[in-house]
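# Examining the three-dimensional arrangement
Read off the chains here:
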Amino acid sequence: MTPADHPDIVEQFCGICCDFGERGWCRATSGNFSARIDDCHCLITKSGRNKARLTIEDLMMCNFDTGAMDPDCKSSAETPLHMHLYQLDDAVGAVLHTHSVAATVLSRHAGDSLSITGYEMQKALHNISSHEENVTIPIFKNDQDMNALAERVTTAWRDGRLAVPGFLIAGHGLYAWGKDLDEARRHVEGFEFLFECLWQEPLTKLP
Ligand SMILES: [Zn+2]
């Protein structure tokens, strides 16, 4: 099984990556993206690729349990986080990870979670139907040991602390997912819009 076996997903996948890369959400080859293929495999970006110029050559197949299917391909160091999310819930169809400036800064100053209310854009998130609801996004401490970080995320998921389809890593960025690439994309765009609003609010104290 190779990425070329899934041309429709690859085309959609590369379009989203390039779009997010051009928005400045994956600078310096940061960020990583994946899409479920079946019960135990996903497409995932190779390590160190320019997301704004992503092509099928920058993608590889990964088994949730055993990792890269082609031993010559190296996926991101953050691959364990993607694999854990797919294994936690069969309904996770795509996982998108961005490093925007707003997410990076806000996640350093909000403690264990970021709470948002009052924004219409909250409704971009699955199961949120009103601006009056409170959206709580967990924030995990950054860690270079991605297996340890993935275990902490797994524990939080099982404890019901991941009520919205995303979380932040402090000083690092956003992870968001959805039932498919379209929904995951909408979630990233919704989260990133909300982060930009929060980060600009202190600048708009009108007289
Ligand atoms: Zn990252």
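Our structure is the block above this text.
Heads up: these notes are all about the structure in this document. What you see is a predicted model; the values in this text were computed from it and never measured.

Attention shifts here to helix H2 (residues 79-88). Summarising burial for H2: nine of the 10 residues are buried, a large majority. Within the span of H2, buried status applies to Thr79, Pro80, Leu81, His82, Met83, His84, Leu85, Tyr86 and Leu88.

Turning to helix H5 (residues 181-200), a few remarks are in order. Across its 20 residues, H5 extends 28 Å between first and last C-alpha, which sits within 8% of the 28 Å expected from 1.5 Å per residue. Along H5, the residues that are buried comprise Leu181, Glu183, Ala184, His187, Val188, Gly190, Phe191, Glu192, Leu194, Phe195, Cys197 and Leu198. The backbone nitrogen of Asp182 has a side-chain oxygen 3.3 Å away, supplied by the residue at the start of H5, namely Asp180.

Another aspect to go through is a nonpolar patch on the surface. On the surface, Val101, Val105 and Trp199 cluster together into a nonpolar patch covering about 230 Å² of accessible area. Here Val101 shows up in helix H3 (residues 101-106). By relative accessible area, which is 40% here, Val101 ends up partly exposed.

Conventions and cut-offs
Residues numbered from 1 in each chain as written. Predicted model: local features only at pLDDT ≥ 70, side-chain atom pairs only at ≥ 80, totals over all residues. Heavy atoms only, no water. Buried < 20%, exposed > 50% of the residue type's maximum accessible area, 1.4 Å probe, protein only. Helix = DSSP H or I, 4+ residues; strand = E, 2+ residues; numbered from the N terminus. Expected span 1.5 Å × (residues − 1). Polar contact = N/O pair within 3.5 Å; in protein donor to acceptor, adjacent residues only side chain to side chain. Patch = residues over 30% accessible without salt bridge, like charges linked within 9 Å, V, L, I, M, F, W, Y side chains within 5 Å. Areas by Shrake-Rupley, 256 points an atom, 1.4 Å probe, with all protein chains shown as cover. Salt bridge = Lys/Arg side-chain N within 4 Å of Asp/Glu carboxyl O.

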